[in-house]
Amino acid sequence: MGGGHAGCEAAAAAARMGAEAILVTHKRSTIGEMSCNPAIGGVGKGHLVREIDALDGIMAKAIDRSGIQFRMLNASRGPAVRGPRAQADRKLYKAAVQSLLAEQENLEIVEAAVEDLIVKDDRCCGVILSSGEKLEADAVVLTTGTFLRGLIHRGQERIPAGRVGEAPATTLGERLEAMQLPLGRLKTGTPARLAFASIAWDALEMQPADVRPVPFSFLTDRIEVQQISCGITETNHATHRVIAENIEKSAVYSGAIAGKGPRYCPSIEDKIVRFAEKASHQIFLEPEGLSDDTVYPNGISSSLPADVQDAFLRTIKGLDDVEVKEYGYAIEYDFVDPRSLTKSLELRALSGLYLAGQINGTTGYEEAGAQGLVAGASAASSSGPLEISRSQGYIGVLVDDLVSRGVSEPYRMFTSRAEYRLSLRADNADDRLTPLGTAFGLVGEQRAEAFHVKHSSWKALRSWAEETKMTPNEAAAHGFSVKQDGRRRSVLDLLSLPAVSMTDLAKIHPRLADLSPDEAAKLEADATYSGFLDRQAEDIAGFQKYEALQIPTDFDYSGLPSLSAEVRQRLDTTRPATLGQASRIEGMTPAALALLSVALRKSSRAA
Amino acid sequence: MSATIFAKASGSGRSGVAVYRISGPEAGRVLSTLTGSTGKPRAARRVTVRDGDGAQVDDGLALWFPGPASFTGEDVAELQLHGSIAVERRLTEVLTGLGIEPAGPGAFSMRAFANGKMDLTQAEGLSDLLEAETELQLKQALAGHSGQLRALADEWRGLLISALAQLEAAVDFPDEEDVPAQIAERALPLVRDVRTALSDQLATAARARRVAEGVTIAILGPPNAGKSSLFNRLVADERAIVSPEEGTTRDVVSERVELHGHLVSFLDTAGVREDPSSSVEATGIGLAVRAAEQADLRLLCYPSGAGDLPGWLQSYRRDGDIIVRTKSDLSGELDGYSSLDDQSVERLSLQIRARLDDLAAPGLAASERQAGLIRAALVSLDGFEASIEAAPELGSETIRHAATRLEELTGRIAPDDVLGDIFSSFCIGK
Ligand SMILES: Cc1cc2nc3c(=O)[nH]c(=O)nc-3n(C[C@H](O)[C@H](O)[C@H](O)COP(=O)(O)OP(=O)(O)OC[C@H]3O[C@@H](n4cnc5c(N)ncnc54)[C@H](O)[C@@H]3O)c2cc1C
Ligand SMILES: Nc1nc2c(ncn2[C@@H]2O[C@H](COP(=O)(O)OP(=O)(O)O)[C@@H](O)[C@H]2O)c(=O)[nH]1
Ligand SMILES: [Mg+2]
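Residues numbered from 1 in each chain as written. Chains lettered and ligands numbered in written order. Predicted model: local features only at pLDDT ≥ 70, side-chain atom pairs only at ≥ 80, totals over all residues. Heavy atoms only, no water.

The name given to chain B in an unreviewed UniProt entry is tRNA modification GTPase MnmE, and the organism recorded there is Parvularcula mediterranea. Recorded in UniProt for chain B, the comment headed Subunit (unreviewed entry) runs: "Homodimer. Heterotetramer of two MnmE and two MnmG subunits." We quote the UniProt Subcellular location (unreviewed entry) comment for chain B here in full: "Cytoplasm". (UniProt positions renumbered as here; feature names shortened; annotations may be inferred.)

Pasting the structure below:
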């Protein structure tokens, strides 16, 4: 239930698994809606999108059909931290999602509000619609986003709502509260939307799209959507003065909001208070579509009253006569502490009920989509849940962080969350996950076939790059400075030298000139990271051993008197599934782990 | 977690033989580097253990247990060496230099358990685990010196996290104007500070150990230089045999004395020369040279009035060593020394005292394991500049590795603090 980014991936994944999936959502027309900034990807987030695609999900295909400004972030850094990002034409994106869902077999869409859950024998087995109609099901995936007791703040105004203009799901929120699930409250904000024609574009610096856009989906050959530029402007002293003078009118600063906001996405009020020494803050002016009159000013979300928003916006270069289409606001909403979920995102307290998306305390379309896919695939599986580990993908990092550590602010993906970052790259998401998805029954034939072809040609390229060698003399003749030590160096060896680029080598080996972006990135990673990748492979092998040590779901921690009360309580809240997961719980000690491992061994011998 | 680790497996203390265990994928390579080969599986073999440069560390027995038929289920190498503190220290240095990490409390048992190797009925398997429990509790009880070390390690880790935050901010927030693109320059001073602090700490760790265990001073020189006579004067006792016949001292003779408030072991050694006349003498020379190399300070003896110190003797000289021109009563040389002249012996004693105050000073007494972890962190950070040049994100890897070693030192398992540091230092968010 819920036709947001989590719900769409969940429904599509369940249908791909062969289940009869029904997507119940308020309005058919808002399926695939980007509630906030119309952009997909970024550093860390882009990795998630490519992983969703490797598992045959829909997000990457949708953005490839609707992206109007593709940019590879961190292009000058190594392949592990490059992040594909694209701004979307909001309408095209929505249309793409809706048509991808329409093409999907086994998937039915029902336009309705869900009022309640059907619970029988401690199992969730369907939902009740506001019409009173009942829909029975083997499993329910709940992806209601911020619709749980959402409350909008703008200055002194309070509007109970999800997104502006949509009704909040308070009945369902009360139902979940009655189940005594641990709930928390978070907040997030959005900036005003501006009218395109009212902006003085000529006065602004522009940021163009990449000359050669790299698609998100492994199945897309080329981006065909027209590409546009964004404007760049910034706040100034006058802006800051207007905001500072009115700071107590901001909903956040008047103390009206209890929920905790994300530190990486502060409102403009926050930026001015916390970083008072900064003279200006950058703003990206991002058109929301090719034929859309709306512009999203990235960097200035605000919960000030409308007149103050008008006043500060007009102090900004290029926005002197700006017209606001809709004012910014902050929104507070409930989330369920994800430590009450298993690794397949099923509620431990009520089997058959899966939670995915913003309701679990995350923020972002990509984080929502990734969870939806895990929940939908697991709910539809007859052979156990879809488990992706931290060493296999960012999806694994996301799910493990949520269920092991919980959230204290809206959770967003960053590459620094992934300890095996050098191996988990956007370029090799398919190598990592498509075979796993295929074995699980989640990947369609077309993709499995395409992967097979692509993978064999990569393997051939890889061996060629290892076996094709030249002597130091030959290298010197080509202008590469290498030690004259008589050692023959392979293409990979040469590529690992900081002074040698792919372009240099392509002059000698023409096949390197027409590599796909993924192949080039993979070669580069294998060359630059070689020693580090080996060490990482060892670390991963060690990590997997501890992941393999299962802790029974009903394990009795009170049988371990030498555990400190605090550690025991944390173990009880999180109920880790493996010894590895236990080690990632905050506050664990090596001694407690050792004790636990011995006790596990003992109990498995007794059994 | 499957990094290769090592630890002394036999009980601590000054037992005759010490058993060192190395476990993990690199164990075979390490055994070959140290002893020339791995030898046959599960067969004891006499070996000479040498460091990467071929210098001898000790001799003893080696055993090779390829996994999975080993105690931990991984490849395991075992070395049985002399139970001396100098050997333990040297071996720890060599192993950490090879990238092998000191095992944390319970690490062998954890691995044995993870590989399905641990049988609870086997007392052997449990012993290091039980030791770990008490060790940790002991450490916590002893808030004194080890508490201070923990606080320091936390401080270094904090600096590394800040350095990492600088690097990671640039990676995770590439479009933010507040995050400068050239961030390595910001991280480098922090990394340098930590490197300095780590090497200072290693130096004080060695000094602190010498307070407890004593300073070793070797007397080295050609036969008949008057070494044994000097030794006797310094230990104020007639222990070594003095003889006009060359080659009388064949073994290393050692005497522990208290000198100016320090515990000092003087070592009298066989005379060294380039062309030994017998294999017995050659063995004695070998022992002498080794003792001299492992000592904390050397007194290089050469008769005064016999010309310059020969090159071979110079080659053993390290910073701070004392050159003793002997038998000055015969040559009349003014700044020479004579065992027959009380005043010159007193002068030498005062010179030694100045060195002792340098070599041994109270500090945050670090165990071999602690020193090993500090060294491992340092080795990793030494590679920072090179790795960041290869790719900026590799710089993060080296820092992360070092920070993990420091976490092991403090015994904390910390969730990632990097993001917290990023958000408090940069204005991020669009
Ligand atoms: C103000 C604001 C600003 C944000 N800014 C950003 C940003 O800049 N960048 C970013 O990446 N992310 C941002 N986000 C987050 C992002 O929008 C969400 O994380 C993401 O859309 C969550 O997806 P979801 O599928 O969990 O929920 P949603 O996308 O919210 O979807 C929920 C769906 O459930 C349906 N629904 C709810 N209740 C019921 C019911 N009872 N019966 C039937 N249907 C129901 C709704 O109609 C809706 O279709 C922002 C969110 C908000 C609210
Ligand atoms: N005159 C004089 N003779 C010394 C002195 N030191 C040692 N000798 C003599 O030199 C010879 C060798 O001394 P010894 O201490 O055994 O030398 P070693 O071989 O270096 O240990 C002995 O006959 C000593 O008596 C000294 O300071 N003055
Ligand atoms: Mg002698």
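A. A look at the packing of aromatic side chains. Summed over all chains, the structure comprises 4 aromatic pairs over all chains. Aromatic side chains A:Phe414 and B:Phe173 sit 5.1 Å apart centroid to centroid with 50 degrees between the ring planes, which places their arrangement in the tilted category. Residue A:Phe414 is located in the loop between α10 (394–405) and α11 (429–440), and its partner B:Phe173 is located in the loop between α5 (145–172) and α6 (184–213); the two belong to separate chains. The residues A:Phe414 and B:Phe173 share a single accessibility class, namely buried. Consider the rings of A:Phe555 and A:Tyr557, whose centres lie 5.1 Å apart with planes at 65 degrees: the pair is edge-to-face. A:Tyr557 shares its class with A:Phe555; the two are buried. The ring of A:Phe218 has A:Arg50 sitting right over it, with the charged end atom 4.1 Å from the ring centre. (Phe/Tyr/Trp six-rings, centres within 6.5 Å; stacked < 30°, edge-to-face > 60°. Helix = DSSP H or I, 4+ residues; strand = E, 2+ residues; numbered from the N terminus. Buried < 20%, exposed > 50% of the residue type's maximum accessible area, 1.4 Å probe, protein only. Lys NZ or Arg CZ within 6 Å of the ring centre and 35° of its normal.)

B. Focus on the sheet that holds strand β6 (residues 101–102) of chain B. Residue and element names in this part refer to chain B. Pairing within the open sheet is mixed, and its 6 strands lie in the order β3-β4-β5-β2-β1-β6. Both edges of this open sheet fall to β3 (45–50) and β6, since each of them pairs with a single strand only. Taken together, the 7 bridges between strand β2 (residues 17–23) and strand β5 (residues 76–82) define a ladder with antiparallel strand orientation. Note on β5: the bridge partner recorded for Ala18 is Leu81. Packing against the sheet, helix α1 (residues 27–35) makes contact with β2, β3, β4 (56–65) and β5, and its axis sits at approximately 80 degrees to β3. Strands in contact with helix α2 (residues 85–97) are β1 (5–8), β2, β3, β4, β5 and β6; relative to β4, the strand with the most contacts, it is inclined by about 65 degrees. (Pairing = 2+ DSSP bridges. Contact = heavy atoms within 4.5 Å. Axes fitted to C-alpha atoms, helices over the stretch in contact; angles between N-to-C directions.)

C. Highlighting the site of ligand 2. Residue and element names in this part refer to chain B. In the vicinity of ligand 2 there are 17 residues, among which Asn224, Gly226, Lys227, Ser228 and Ser229 approach most closely. One of the backbone nitrogen or oxygen atoms of Gly226 is found 2.8 Å away from an oxygen atom of ligand 2. A distance of 2.9 Å is found between an oxygen atom of ligand 2 and a backbone nitrogen or oxygen belonging to Ser339. Protein chains shield 81% of the accessible area of ligand 2, which is 570 Å² for the free molecule. (Near = heavy atom within 4 Å. Polar contact = N/O pair within 3.5 Å; in protein donor to acceptor, adjacent residues only side chain to side chain. Areas by Shrake-Rupley, 256 points an atom, 1.4 Å probe, with all protein chains shown as cover.)

D. Looking closely at the UniProt feature "binding site: Mg(2+)" (unreviewed entry) in chain B. Under the UniProt annotation, "binding site: Mg(2+)" (unreviewed entry) lies at B:Ser228 and B:Thr249. By secondary structure assignment, the location of B:Ser228 is in helix α7 (residues 227–235).

E. Quick look at the environment of B:Asp251. Residues and elements named next belong to chain B. Its location among the elements puts Asp251 in the loop between α7 and β8 (253–259). Asp251 sits in the exposed class, given a relative accessible area of 53%. In sequence terms Asp251 and Gly286 are 35 residues apart; their C-alpha atoms lie 9.9 Å from each other. Apart from residues no more than four positions distant in its own chain, Asp251 is found in contact with Asp268, Thr269, Ala270 and Leu287.

F. The sheet that holds strand β3 (residues 67–73) of chain A, seen in detail. All names here are of chain A. In space, the 3 strands of this open sheet follow the order β2-β4-β3, with antiparallel pairing throughout. Strands with a single pairing partner mark the edges of an open sheet, and in this sheet they are β2 (39–41) and β3. The sheet shows a mean angle of 20 degrees between the axes of neighbouring strands, taken without regard to direction. Bridge analysis of β3 against strand β4 (residues 83–88) gives 6 bridges, and the strand direction is antiparallel. Bridge pairing links Met72 to Pro84 in β4.

G. Representation of the site of ligand 1 in the model. Residues and elements named next belong to chain A. In the region of ligand 1, 33 residues are neighbours, and Ser35, Cys36, Val114, Gln358 and Gly364 sit closest. One of the backbone N or O atoms of Val114 is found 2.8 Å from a nitrogen atom in ligand 1. Measuring from an oxygen atom of ligand 1, one finds a side-chain N or O atom of Gln358 at 2.4 Å. Among the elements of the structure, α1 (5–16), β12 (183–190), β19 (329–336) and α9 (365–380) are those that each provide at least two residues to the shell around ligand 1. Here the shell around ligand 1 gets 3 residues from one element, more than from any other, and that element is β12. When the residues that make up the shell around ligand 1 are grouped by side-chain class, the tally is 12 nonpolar, 19 polar and 2 charged. (Nonpolar A, V, L, I, M, F, W, Y, C, P; charged D, E, K, R; others polar.)

H. Up close: the pairing of strand β10 (residues 297–303) of chain B. Residues and elements named next belong to chain B. Counting buried positions over the 7 residues of β10 gives 6, a clear majority of the element. Across 4 bridges, the pairing between strand β7 (residues 215–220) and β10 is parallel. Residue pairing in the sheet places Ile219 in a bridge with Leu299 of β10. Pairing analysis gives 5 bridges linking β10 to strand β11 (residues 322–326), with the strands arranged parallel. Bridge pairing links Leu299 to Ile322 in β11.

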